[in-house]
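Summary of the model geometry
Next come the chains, spelled out residue by residue.
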Amino acid sequence: MNSTEPQTNRQHSHTTYINIICFFCFFTAGGLGTLFEEWGYWQNLSWSIANAAFITGCVLSGVQLADKKWIIPASGFALMAIAFIGIFTLIPANTQEKIQEVAKNVILILPGMIMISSYKLFPLWVRFIGLVACGPYILILILARTEVELISFQLCMGAGYFLVELTAVIWGIYFLKILRRERRK
């Protein structure tokens, strides 16, 4: 092997560890943001860090899965990253115009989760929890069509965000379990 060629197994190992760190940062920074003043600087910063970590984890997961020829779930991770890039740019989403823009971005979450759920190495319940996480976002799409009250939007967004955070942590744990299983072979 040429010394300039990537060491695939080592890269997959590093990617798995980076993924789990990113997904735990997403969960931690997202939760931490709820402790700060609503729409304040620290809350926005915390949520921006959370989204950046999630986007990074999704991109790395997608690349890793594509390298292993899991093209459909890899594409799902790409869609999730794109959706959260849109949401990331809209923090804080505290006006009707921003709520409408968030709704446009959440359209990508459902197909992204459906595609990720085709990853057969995740247990069925992990794939199912990802689909359940889409529920609040579907509600956002419905509510955005009406002049949704900010509090209703915040409740749906918060519930959806928490469910995606939880799902991401579970993905990270299972990516680690899959890596350990592959190492034993």
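Residues numbered from 1 in each chain as written. Predicted model: local features only at pLDDT ≥ 70, side-chain atom pairs only at ≥ 80, totals over all residues. Heavy atoms only, no water.

Moving on, we come to the overall build of the protein chain. Check the secondary structure of the protein chain and you find eight helices and zero strands. Element order for the protein chain, N to C, with α for helix and β for strand: α-α-α-α-α-α-α-α. In terms of overall size, the protein chain behaves like a compact globule, its C-alpha atoms giving a radius of gyration of 17 Å where 185 residues would be expected to give roughly 16 Å. Each principal axis of the C-alpha distribution contributes one length, and for the protein chain these read about 60 × 30 × 25 Å. Looking at the 185 residues of the protein chain, the share that counts as buried comes to 44%. Taken as a whole, the protein chain presents about 9700 Å² of accessible surface, with 68% of it coming from carbon and sulfur. When the 14 positive and 10 negative side-chain charges of the protein chain are each reduced to one mean point, those points stand 19 Å apart. (Helix = DSSP H or I, 4+ residues; strand = E, 2+ residues; numbered from the N terminus. Rg over C-alpha atoms; globule rule 2.2 N^0.38 Å. Buried < 20%, exposed > 50% of the residue type's maximum accessible area, 1.4 Å probe, protein only. Areas by Shrake-Rupley, 256 points an atom, 1.4 Å probe, with all protein chains shown as cover. Lys, Arg positive; Asp, Glu negative; His and termini not counted. Charge placed at Lys NZ, Arg CZ, Asp CG, Glu CD.)

Applying the stated criterion to the full structure yields 17 aromatic pairs. Summarising the aromatic geometry, the rings of Phe77 and Trp171 are spaced 5.0 Å apart at their centres and angled 75 degrees between planes, so their arrangement reads as edge-to-face. Of this pair, Phe77 sits in helix 3 (residues 71-89) while Trp171 sits in helix 8 (residues 150-184), and the two are 94 residues apart along the sequence. (Phe/Tyr/Trp six-rings, centres within 6.5 Å; stacked < 30°, edge-to-face > 60°.)

Relative to the helices and strands, Ile109 resides in helix 5 (residues 109-116). C-alpha separation for the pair Ile109 and Phe84, spaced 25 residues apart in sequence, amounts to 8.5 Å. Other than its neighbours up to four places away in sequence, Ile109 contacts Met80, Ala83, Phe84, Ile87, Cys134 and Tyr137. (Contact = heavy atoms within 4.5 Å.)

Three or more residues of helix 6 (residues 124-132) are buried, namely Val126, Arg127 and Gly130. Buried residues of helix 6, seen end-on, are gathered within an arc of 100 degrees and therefore sit on one face of the element. Structural note: helix 6 exposes Leu124 and Phe128 on the side pointing more than 90 degrees away from its buried face. Buried residues belonging to helix 6 abut helix 5 and helix 8. (Arc of directions from axis to C-beta.)

Okay, unusual backbone geometry next. Even without a glycine there, the phi angle at Lys69 is positive, about 75 degrees. With respect to the helices and strands, the residue Lys69 is situated in the loop between helix 2 (41-67) and helix 3.

Among the residues of helix 7 (residues 135-145), Pro136, Tyr137, Ile140 and Ala144 are the ones counted as buried. End-on view of helix 7: buried residues confined to an arc of 100 degrees, all on one side of the axis. Facing away from the buried surface of helix 7 by more than 90 degrees, the exposed residues are Ile142 and Arg145. On the buried face of helix 7, the contacting elements are helix 3, helix 4 (96-106), helix 5, helix 6 and helix 8.

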